[in-house]
Structure formats: structure tokens, C-alpha cells
Amino acid sequence: MEFITYEQEGFVGVVTINRPKALNALNSQVLDELEATFDAIDLDTTRAVVLTGAGEKSFVAGADIGEMSTLTKAEGEAFGKKGNDVFRKIETFPIPVIAAINGFALGGGCEISMSCDIRICSENAVFGQPEVGLGITPGFGGTQRLARLVGAGMAKQMIYTARNIKADEAYRIGLVNAVYPLEELLPAAKKMAAGIAANAPIAVRNCKKAINDGLQVDMDQAIVIEEKLFGDCFETEDQKAGMGNFLEKDKEKKLKVVPFQNK
Ligand code: DAK
């Protein structure tokens, strides 16, 4: 891998987009390597992933404008599909993915963060969908995910004006859950990931699936999805241990961290 690094810390995987000379912009190679990295994550030993960018200036400054500038219609569609496939892989990845946004998150950078489950950022983070200034529409899901996250009115304002917003505004509109000084961002993301990893892994996976799948359908169907995933938990050892700990008044009231149990 030239542009992606992967580190495993306990049950937490850290994926870093490492192309600082281009502010971690997403070219075809970065997208291919990202896909291969997520495909290689061992889901038996990993319970949460942190996605971040290398350096102190940029998370991802967008899709690679140099590479895109010469694309034909067919090549543009192929590039768009490549990006969308990777972003959907992250969005539907069985375990939670936390975006630790350490600077610019523009265009495809904002979009990849929105395909993650949770976004936290550094004080120097800048978000925006500048595409209409480049003569294109957001093409990696920006028109869809931004509206779902911050509401149609705010999404339309950001996309139509192509105006960037800073970390405090991103926090105010609900695009990120928290803002940290830069040096505290990655430790905070890892701590959150480790906290998730200490919970019952099948239950966490089922929560992600229930939320994601339920948001695509009406409430009557969504509740059925939830019921099914709730029921599944009663086939797990974690459910027995988790409830047993409570009933036995185990002071820790925590699950012992055991390897992932396949159902
Ligand atoms: N692509 C390629 N290179 C980039 C880049 C990008 N998006 N952003 C920055 N770089 C490169 C710069 O060219 C520069 O390279 P050198 O000149 O040193 O070789 C280096 O990174 C440092 O950048 P700057 O010198 O510009 O640094 P500054 O601090 O002055 O400015 C900046 C930082 C982030 C404000 C500025 O670099 C900037 O405005 N960058 C472009 C941001 C942007 O517009 N991003 C959105 C790209 S559009 C599609 C699907 C998706 C998409 C498109 C199509 N389909 C479905 C087909 C997505 C589109 C986008 O993301």
C-alpha cells in the first residue's frame, strides 16, 4: 500500500489516508487501497474502526481534481462508481467506523466522513461541498447523506453556495458530534472506539444494521427490522453474560471481552 496505513490496537483498527502532498485527496489508487484495506480487516478480532487522514492540515481535501479534470463521461461514471462502492462499503461495514476529521473535509472528503457512523473533528477542521464551483454536483453521495444528516435546508445551503464551514458550525448543525484540539482528536477517537469494542459485539453490529436499514423504510417496517435484530441477540452468549452480570450484581457490570462469537 502506498497511500493507506493500517494499525491494529487491541480490538480497534485505525485506517489512515496517507497522501499528505495532495492533502490526502482521493485518486483511483487511494480508493482501490481503501477498499482493499477494509476488505482485509479481520472482523473476528476488530470491533470498531477509526478513519483519519495523515498530517495536521487535512482529513481529505476531496476527490483528486487533477485526475478528474480529464475524465470522459464514461470514465467519470467509472470513477464515481469506484468511490461510491468504497463509501457504501464503509457505510455498511458490519462494525462501527468513526471518522476522526483532522482538517479539511471538502467534497469527497466531507462525503467519506458522512459514510462513517460517527464524526468527530479537530478545531481546525473545515467542511464543505465545493462541487458546484467546479462545475459538477457532489458525486459520492453528498446530496443524499448531507441532507439526511443536517436536514434538507442546511444541506441545500451548503451545496448551492459551496461555502465552507468551520468546526464550530459543523458541530452546531449536527454534522459532527464533538470538536477537540488537534492533538486530542485521535486519542479521543480511539477511546470512543475502545468503549464501543468493550460492548457486546453482536449487539453493536445489530444496532448499526437496525439504524441503517430502518432509516431506509417506513416506521412499521423499521420496527420489524428492529424486532428481528433484537431477537437475534438472545442466541448469543453476550446476552446471557450481560444480563447474568446484572442479576448477579457483578460490580463491574461489564461483559468480559471475549472473541467475537459467530452465530
Ligand atoms: N485534488 C488534487 N490535489 C489537491 C486537492 C484535490 N482535491 N486539494 C489539494 N490538492 C493539492 C494541491 O494541488 C497542492 O499540490 P501542489 O501544488 O503542492 O503539488 C497541495 O495539495 C496543497 O494544496 P494547496 O497548496 O492548495 O494548499 P492550501 O493550504 O493553499 O489550500 C485547500 C488548501 C484545501 C483550501 C485547497 O487545496 C483546495 O481548495 N483544494 C481543493 C478542495 C476542493 O475543491 N475539493 C473538492 C474536490 S471536488 C464524482 C464523485 C465525486 C466527486 C466528483 C465526481 N463522480 C460521481 C464522477 C468529488 C468531487 C470533489 O471532491
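Residues numbered from 1 in each chain as written. Predicted model: local features only at pLDDT ≥ 70, side-chain atom pairs only at ≥ 80, totals over all residues. Heavy atoms only, no water.

Focus: the site of the ligand
Going by this rule: Residue proximity to a molecule or strand is established when one non-hydrogen atom of the residue lies within 4 Å of it. Polar contact is defined as a pair of N or O atoms within 3.5 Å, subject to the rule that within protein one atom must be able to donate a hydrogen and the other to accept it, and that residues adjacent in sequence are counted only when both atoms are side-chain atoms. Helix numbers and strand numbers start at the N terminus; a helix is a DSSP run of H or I with at least 4 residues, a strand a run of E with at least 2.
Not every one of the 23 residues close to the ligand is listed here, only the nearest: Lys57, Ala61, Ala63, Ile65 and Gly108. Between the ligand and the protein, one listed contact pairs a nitrogen atom with a backbone N or O atom of alanine 61 at 2.9 Å. The backbone of glycine 108 places a nitrogen or oxygen atom 2.8 Å from an oxygen atom of the ligand. Secondary-structure elements contributing two or more residues to the shell around the ligand are α2 (65–68), α3 (73–91), β6 (104–106) and α5 (131–134).

Looking at the environment of glycine 103
We apply this condition: The contact criterion used throughout is that any non-hydrogen atoms of two residues lie within 4.5 Å.
Locating glycine 103 in the fold gives a position in the loop between β5 (97–101) and β6. Linking glycine 103 and threonine 137, residues 34 residues apart in sequence, is a C-alpha distance of 22 Å. In contact with glycine 103, not counting residues within four places along its chain, are Lys57, Ser58, Phe59, Ser122, Asn124, Ala125 and Val126.

Observations regarding the confidence of the model for the protein
We count it as follows: Per-residue confidence from the predictor is reported as pLDDT, a score between 0 and 100.
When pLDDT is averaged across the protein, the result is 94; 95% of the residues are at 70 or more. Per-element confidence in the protein is highest for β5, whose mean pLDDT is 99, and lowest for helix α12 (residues 237–247), whose mean pLDDT is 87.

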